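Single-letter residue listing:
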Amino acid sequence: DVKVTQSSRYLVKRTGEKVFLECVQDMDHENMFWYRQDPGLGLRLIYFSYDVKMKEKGDIPEGYSVSREKKERFSLILESASTNQTSMYLCASTLGSSGANVLTFGAGSRLTVL
Amino acid sequence: AQTVTQSQPEMSVQEAETVTLSCTYDTSENNYYLFWYKQPPSRQMILVIRQEAYKQQNATENRFSVNFQKAAKSFSLKISDSQLGDTAMYFCAFMKHALSSGSARQLTFGSGTQLTVLP
């Protein structure tokens with residue numbers, strides 16, 4: 001089974017702190033995604049990457065950056081955390097460019113910014 | 001841009017009964033994929049069912065089936081013989097078929113429907 005592992009299930013940070021959310025997948029998937037999940041808003045795409053060192057903005061990239069130095073790892077970075085970034089963050093990956101390929105999700109990281 | 005609308009924030013159903021979750025979408029694309037994902041309390045999002053827009057036949061996976069109405073841009077999920085384990089948040093999602101070079105396919109999600117199966 002494909003595994004997408006998010007390093008932290010729960011994090012509590014203070015306003016202004018730099019936050020790293022790590023995601024690792026073990027099936028050599030080209031594409032990786034970071035979504036933010038909020039009640040009543042569903043999942044919104046923050047950033048995605050289709051290759052090492054390649055990244056593209058999603059729908060809500062403001063306040064976030066990403067890093068993909070290795071194929072299996074995709075990091076989401078909050079340079080200066082703010083309270084409105086308190087949310088659930090979901091990482092996902094998929095193989096290749098076919099629309100028939102299904103996203104595999106991690107278990108999520110719940111971030112609270114105080 | 002694509003939008004996906006789930007108009008039922010919460011639903012409940014008795015165990016063994018049938019329930020239908022609604023989803024509508026808006027797109028100018030002619031070919032695309034539609035998905036239903038399930039997120040149980042454990043939070044791991046898993047695929048329930050997938051439909052390709054060019055296929056007229058509705059997709060079916062065991063107790064889960066869809067009613068895909070392309071002209072109406074409607075994609076509802078029917079769960080038959082509901083089980084307690086079906087309790088979860090259900091998300092409808094859209095993916096374009098066409099792909100720009102040097103990019104990846106993105107999913108656009110609806111806001112979700114929280115389904116509770118009652119014993």
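Each remark here, short or long, concerns the structure printed above.
The following refers to the structure shown.

Rules of the game
Residues numbered from 1 in each chain as written. Chains lettered and ligands numbered in written order. Predicted model: local features only at pLDDT ≥ 70, side-chain atom pairs only at ≥ 80, totals over all residues. Heavy atoms only, no water. Disulfide = S-S within 2.5 Å. Helix = DSSP H or I, 4+ residues; strand = E, 2+ residues; numbered from the N terminus. Buried < 20%, exposed > 50% of the residue type's maximum accessible area, 1.4 Å probe, protein only. Contact = heavy atoms within 4.5 Å. Buried area = accessible area lost by both parts, 1.4 Å probe. Salt bridge = Lys/Arg side-chain N within 4 Å of Asp/Glu carboxyl O. Polar contact = N/O pair within 3.5 Å; in protein donor to acceptor, adjacent residues only side chain to side chain. Nonpolar A, V, L, I, M, F, W, Y, C, P; charged D, E, K, R; others polar. Pairing = 2+ DSSP bridges.

1. A look at the state of the cysteines
Then step 1. Counted by the stated rule, this structure contains two disulfides over all chains.
Then step 2. Each sulfur in the disulfide pair A:Cys23 and A:Cys91 lies 1.9 Å from the other. When the S-S torsion is -75 degrees, as for the bridge of A:Cys23 with A:Cys91, the disulfide is left-handed. Placement of A:Cys23 in strand β3 (residues 19-25) and of A:Cys91 in strand β9 (residues 87-94) is noted, with a sequence separation of 68 residues between them.
Then step 3. Exposure remark for A:Cys91: the relative accessible area of 0% places this residue in the buried category.
Then step 4. Put simply, B:Cys23 and B:Cys92 are joined by a disulfide, and their sulfur atoms are 2.0 Å apart. Measuring handedness by torsion sign, the sulfur bridge of B:Cys23 and B:Cys92 sits at about -70 degrees and is left-handed. Of the two residues, B:Cys23 is situated in the loop between β3 (19-21) and β4 (24-26) and B:Cys92 in strand β10 (residues 88-96); the sequence distance between them amounts to 69 residues.

2. Here's the deal with the interface of chain B and chain A
Then step 1. In this assembly, 22 residues from chain B lie in contact with 29 residues from chain A.
Then step 2. Counting each side, the surface lost to burial between chain B and chain A is near 2100 Å², with a carbon and sulfur contribution of 53%.
Then step 3. Our count for the chain B to chain A interface comes out at zero salt bridges.
Then step 4. Put simply, chain B and chain A have four residue pairs in polar contact (both at pLDDT 80 or more) between them.
Then step 5. Mapped by element, the contributors of at least two residues to the side of chain B that touches chain A are β5 (32-39), β6 (46-52), β10 and β11 (107-109) of chain B.
Then step 6. Among the elements that line the side of chain B that touches chain A, the one with the most residues is β5(B), at four residues.
Then step 7. Taken together, the residues that form the side of chain B that touches chain A break down as eleven nonpolar, eight polar and three charged.

3. Focus: unusual backbone geometry
Then step 1. Located in the positive-phi region is A:Asp28, a residue other than glycine, with phi close to 60 degrees.
Then step 2. Checked against the element boundaries, A:Asp28 lands in the loop between β3 and β4 (31-38).
Then step 3. At B:Ala16, a residue that is not glycine, the phi angle is positive and equals roughly 80 degrees.
Then step 4. Here B:Ala16 shows up in the loop between β2 (10-14) and β3.

4. A word on the pairing of β5(B)
Residues and elements named next belong to chain B.
Then step 1. For β5, the tally of buried residues reaches eight of eight residues, placing the bulk of the element in the interior.
Then step 2. Residues Tyr32, Leu34, Trp36 and Lys38 point to one face of β5 and Tyr33, Phe35, Tyr37 and Gln39 to the other, with burial holding for every one of them.
Then step 3. Sheet topology note: the β5/β10 ladder contains eight bridges and is antiparallel. Bridged to Tyr32 within β10 is Lys96.
Then step 4. In sequence, β5 turns back onto β6 through a hairpin of six residues, with Arg43 there showing a positive phi of about 85 degrees.

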